[in-house]
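The primary structure of each chain is shown beneath.
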Amino acid sequence: MTKLAKHPLLVFGAGMVAGYFVYKYRKEIISSATKTIDAGKDFVLHQKENLEDIVAEAKEGN
């Protein structure tokens, strides 16, 4: 792998191929990233609600 990285033309070619595929599938990549971000936000909100419930129960217990 190190020997391959030392060839500038090969690195440039790999970058071109990667750029082509990112451009070709950009809509799918964006929609997938958006879904992942939304799922993360929902998860954080759910955990925040759970934490608030636990804190409220702890206050009631004292």
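Our subject in this report is the structure included herewith. (Residues numbered from 1 in each chain as written. Predicted model: local features only at pLDDT ≥ 70, side-chain atom pairs only at ≥ 80, totals over all residues. Heavy atoms only, no water.)

### Side note on the overall build of the chain
Reasoning step 1: The number of helices and strands found in the chain is three helices and zero strands.
Reasoning step 2: Element order for the chain, N to C, with α for helix and β for strand: α-α-α.
Reasoning step 3: Here the C-alpha radius of gyration of the chain, 23 Å, is well above what a compact globule of 62 residues would show, namely 11 Å.
Reasoning step 4: Based on the C-alpha atoms only, the size of the chain along its principal axes is roughly 70 × 30 × 10 Å.
Reasoning step 5: With 9 positive and 8 negative side-chain charges, the chain shows a separation of 23 Å between the mean positions of the two kinds. (Helix = DSSP H or I, 4+ residues; strand = E, 2+ residues; numbered from the N terminus. Rg over C-alpha atoms; globule rule 2.2 N^0.38 Å. Lys, Arg positive; Asp, Glu negative; His and termini not counted. Charge placed at Lys NZ, Arg CZ, Asp CG, Glu CD.)

### Points about the packing of aromatic side chains
Reasoning step 1: Applying the stated criterion across every chain, the model contains two aromatic pairs.
Reasoning step 2: Judged by centre distance (5.2 Å) and plane angle (75°), the rings of Tyr20 and Phe21 are edge-to-face.
Reasoning step 3: For Phe21, a relative accessible area of 40% translates into the label partly exposed.
Reasoning step 4: Between the aromatic rings of Phe21 and Tyr25, the centroid separation amounts to 6.3 Å while the plane-to-plane angle is 5°, which identifies the pairing as stacked.
Reasoning step 5: Here Tyr25 falls in the partly exposed class, since its relative accessible area comes to 37%.
Reasoning step 6: Feature note: the residues Tyr20, Phe21 and Tyr25 constitute an aromatic cluster, connected by ring pairs. (Phe/Tyr/Trp six-rings, centres within 6.5 Å; stacked < 30°, edge-to-face > 60°. Buried < 20%, exposed > 50% of the residue type's maximum accessible area, 1.4 Å probe, protein only.)

### With respect to a negative patch on the surface
Reasoning step 1: A contiguous patch of negative charge on the surface is contributed by Glu49, Glu52, Asp53, Glu57 and Glu60.
Reasoning step 2: Overall, the relative accessible area of 47% leaves Glu52 in the partly exposed class. (Patch = residues over 30% accessible without salt bridge, like charges linked within 9 Å, V, L, I, M, F, W, Y side chains within 5 Å. Areas by Shrake-Rupley, 256 points an atom, 1.4 Å probe, with all protein chains shown as cover. Salt bridge = Lys/Arg side-chain N within 4 Å of Asp/Glu carboxyl O.)

Function cannot be inferred from these measures alone, as they are strictly geometric.
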